[in-house]
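Coordinate analysis (summary)
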Amino acid sequence: MQITGSEAVIRSILEEGVETIFGYPGGAIMPIYDALYDYRERLEHILVRHEQGATHAADGYARVKGDVGVCLVTSGPGATNLITGLANAMIDSVPMVCISGQVASPLLGSDAFQETDIIGISMPVTKWNYQITSASEIVEVMSKAFYLARTGRPGPVVVDITKDAQFGMVDFKYKKCTRLRSYFPYPKVKQEDIESAAILINNARKPLLIVGHGVLLSGAQKEFEDLAVKADIPVASTLLGLSAFPTKHPLYVGMMGMHGNYGPNVKTNECDVLIAIGMRFDDRITGDLKRYARQAAVIHIEIDPAEINKNVEVDVDVVADARQALKALLPMINDNSHADWIASFDSYRDEEYKKVIEPKIDGSNSGIIMDEIVHLVSEKTGGNAIVVTDVGQNQMVGARNYKFNKPNSWVTSGGLGTMGFGLPAAIGAKVALPDRQVIVFTGDGGFQMTMQELGTIAQSNIDVKIIIMNNNFLGMVRQWQDMFFEKRYSFTEISSPDFITVASAYGIEGCRVTKRAELDEAIDRLLNSENSFLLEVMVEKEDNVFPMVTAGESVSNIRLE
């Protein structure tokens, strides 16, 4: 059956099981939007207010849904507005397919109106990209795009489609891509590597497990927990690994990294076997590489061979999907006990609680502290919400204080650190799982970068609970200026509009809290609201996030104040 290229795009998306796309129409993508008109009952379209919002929404959608997020934009500025979101998804390994319109193929290279070389621009921040100039290519390329986005180490893909290809006719017969020559997304588990890893784990006296984002991406949470329990190994999480392992599990010892917990950071330089699964040893985890786990035998289970020995030299590498590797490893692991080693984390946990956590949540401060907000929300939701953050201090206090009970409940920008990510990503998360409560913690700076997406929330009636922690500063930058630049607050103080009035203009209810006595009731009001709600909390201006491993320091030299 012959159909237009535009309709072939829509049908291809449906064949891949996609239920929702995020987008913004324009001239070069108009034929596809016209075809979409006839499929409105089968394919939900969320109209964002900026194309960057579309990418972050698709990103949030993909992370909690466990499948590909899709966005649809026009050429020129519509396509270039994707770049930040693509870079964010690329470094955090998030599967996305972004479809952009393009000028007609005879006009390519002529500097036509809204023509931009999006293929060249997006190449460094995509797993794959391709420009379609003939309708006959659409079915095969779309199938390939989804296959590449979701298999192996996931990532974003761009498909750029010229306008004449959208108008052209094509025989539509969809066939899902299941393999590509010279692309091997799931490396075969090598038995000798598994055996070597098992020997180290079985003979370890002070083992430490690190759970990374790859455990969530591969759906290996159960296998990971089985390994930890069977071998009786303490578990620490990367920032993106949060929610892969229950926070209240007796083996959980906290988050690692620059603003991670005291114990797991110090103990990294005391363990004798370090088992890292689905993570990439980035600088925020390792600190000074010359002083990182030098005493330990390192086992690295990672699907992308490019990450092996890139930053940390390892003793045993298992290049494989995390779930497949753990399934092969578990039968070879002995039942074990490391009670004394696990107990040795307690003193660090207690010291951190007394020096850092308790003073911030006990209500003794003159002003409201960010930590106490997240702590209250965590208690009131029972750790069962999906938590989305922006980037900065709000992100770190969210990571440190929320107690996760369910997997895929944490959505944040890790590698790129994208301010403005929070609000649109929360939209995507809520659309993906409408029955889960979605709460976004953001700062006054990051919120203003994408607050136009309140319009998306209003028009599509998306129930997102928004908490702005307003300190009238770009908080994390101010913290560094405080600690390392003699409190020379150079252009980090920021003024804001009346956020409650702005929300009201979109028909979104909200309230502002300036006194601690108002906080508990305001959070209840937010959580019990039947629709989206914006809560602005005026917090202490110069509150800093601790613990902290300062840049270039060893992870064991972590500051508590």
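Residue indices follow the written sequence of each chain, beginning from 1 at its first position. For this predicted model, a pLDDT threshold of at least 70 governs which residues receive local features, and a threshold of 80 or more governs which side-chain atom pairs are given and counted, while totals over whole chains, interfaces and linings are taken from all residues. As a rule here, side-chain values cover all heavy atoms of the structure and leave hydrogens and water aside.

Focus: the overall build of the protein
Comment: elements are numbered from the N terminus, with helices defined as DSSP H or I runs of at least four residues and strands as E runs of at least two. Secondary structure assignment for the protein yields 24 helices and 20 strands. Atoms counted for the radius of gyration: C-alpha only. Globule rule: 2.2 Å times the number of residues to the power 0.38. For 561 residues, the compact-globule formula gives about 24 Å, and the C-alpha radius of gyration of the protein, at 24 Å, lands near that figure. Referenced to the eigenvectors of the C-alpha coordinate spread, the extents of the protein come out at roughly 70 × 60 × 40 Å. Approximately 22,100 Å² of the protein is accessible, and the part contributed by carbon and sulfur atoms is 49%. Positive and negative side-chain charges of the protein, numbering 52 and 71 respectively, have mean locations separated by a distance of 3 Å. Accessible areas in this description were obtained via Shrake-Rupley with a 1.4 Å probe; residue shielding takes into account the shown protein chains only. By the counting rule applied here, Lys and Arg register as positive and Asp and Glu as negative, while His and the ends of each chain are not counted. A single reference atom marks each charge: NZ on Lys, CZ on Arg, CG on Asp, CD on Glu.

Remarks on the environment of Arg349
Along the chain, the position of Arg349 falls in helix H16 (residues 346-361). Look at Arg349 and you get partly exposed, because its relative accessible area is 37%. In this structure the C-alpha to C-alpha distance between Arg349 and Ser554, which are 205 residues apart in sequence, comes to 19 Å. Whether two residues are in contact is decided by their heavy atoms: any pair within 4.5 Å suffices. With sequence-adjacent residues up to four places away left out, Arg349 is seen in contact with Tyr252 and Val253. Throughout this description, buried means an accessible area under 20% of the type-specific maximum (1.4 Å probe, protein chains only), exposed means over 50%, and partly exposed covers the range between.

Quick word on the layout of surface pockets
Grid points spaced at 1 Å over the protein atoms alone were grouped into cavities, where a 1.4 Å probe fits but cannot get out, and pockets, open sets with protein on both sides within 12 Å along at least five of seven lines, with lining residues defined by an atom within 4 Å of a point. Grid points are joined across faces, edges and corners, and a volume is the space filled by probe spheres set on the points. Of the voids in this model, the second largest pocket is the one considered here, and its volume is about 480 Å³. As for the second largest pocket, its lining consists of 25 residues, of which Asn261, Arg349, Ile357, Arg400 and Lys403 are closest to the centre. When residues of the lining of the second largest pocket are traced back to their parent elements, those giving at least two are strand E11 (252-255), helix H12 (262-268), H16 and helix H18 (393-401).

Points about the domain arrangement of the protein
Where the parts come together, the accessible area they lose is often given as the size of the interface. Examined at the domain level, the protein breaks down into domain 1 (2-171), domain 2 (191-346) and domain 3 (366-538). Residue ranges assigned to each domain were obtained from an automatic or database domain assignment. Domain 1 and domain 3 are separated by 29 Å when their C-alpha centres are compared. Listed by partner, the interface residues are 23 residues for domain 1 and 26 residues for domain 3. Roughly 1,900 Å² is buried in total at the junction of domain 1 and domain 3, and carbon and sulfur atoms are behind 64% of that figure. Buried area is a sum: the accessible area each of two parts loses on coming together, probed at 1.4 Å, counted once for each and added.

As for the environment of Glu19
Position of Glu19 among the secondary structure elements: in the loop between helix H1 (5-15) and strand E2 (20-23). Setting aside chain neighbours within four positions, we find Glu19 in contact with Arg42, Leu43, Glu44, Tyr61 and Lys65.

Examining the packing of H1 against helix H7 (residues 138-150)
Whenever a helix is involved, its axis is fitted only over the stretch in contact; in every case the axis is a line through C-alpha atoms, and angles between N-to-C directions fall within 0 to 180 degrees. Between H1 and H7, the least distance of the axes is 9 Å, while the angle of their chain directions is 30°. Relative to H7, the element H1 lies roughly parallel. As for how H1 packs across H7, the hand of that crossing is right-handed. In contact with Gly5, Ala8, Val9, Ser12 and Ile13 of H1, H7 contributes Ile138, Val139, Met142 and Phe146. The residue classification treats Ala, Val, Leu, Ile, Met, Phe, Trp, Tyr, Cys and Pro as nonpolar and Asp, Glu, Lys and Arg as charged. All others, Gly included, are polar. In terms of residue class, the contact of H1 with H7 is built from seven nonpolar, two polar and no charged. Reported orientations rely on four angle classes, namely roughly parallel under 35 degrees, roughly antiparallel over 145, roughly perpendicular from 65 to 115, and oblique for the rest. Each crossing is labelled by how the near helix is turned from the far one, with a counterclockwise turn of less than a right angle marking it left-handed and a clockwise turn marking it right-handed.

Re H18
For H18, the buried fraction is high: nine of the nine residues fall into the buried class. Taken as a whole, H18 has its buried residues at Gln393, Asn394, Gln395, Met396, Val397, Gly398, Ala399, Arg400 and Asn401.

Observations concerning the nonpolar core
Residues Ile277, Leu329, Ile467 and Leu535 are the most contacted members of the largest nonpolar core, which totals 70 residues. Both domains that furnish three or more residues to this core are identified here as domain 2 (191-346) and domain 3 (366-538). Leu535 has contacts with Ile466, Ile467, Ile468, Cys511, Val513, Ala522, Ile523 and Leu526, leaving out every residue within four places of it along the chain. Formed by 46 residues, the second largest nonpolar core is a distinct cluster that contains Val64, Val73, Met96 and Val438. Residue types Ala, Val, Leu, Ile, Met, Phe, Trp, Tyr and Cys, when buried and joined through side-chain atoms within 4.5 Å, form a set referred to as a nonpolar core.

Brief notes about the packing of aromatic side chains
The criterion for an aromatic pair is that two Phe, Tyr or Trp rings (for Trp, the six-membered ring) have centres within 6.5 Å, with stacked assigned to planes under 30 degrees apart, edge-to-face to planes over 60 apart and tilted to the rest. Considering all chains together, one arrives at 14 aromatic pairs under this definition. A ring pair is formed by Tyr402 and Phe404, whose centres lie 5.0 Å apart and whose planes are at 55°; its orientation type is tilted. Here the two residues Tyr402 and Phe404 agree in accessibility, since each one is buried. With a centroid separation of 5.2 Å and an interplanar angle of 65°, the aromatic rings of Trp480 and Phe484 are classed as edge-to-face. Within this pair, Trp480 and its partner Phe484 are both found in helix H22 (residues 475-484), separated by four residues, close to a single helical turn.

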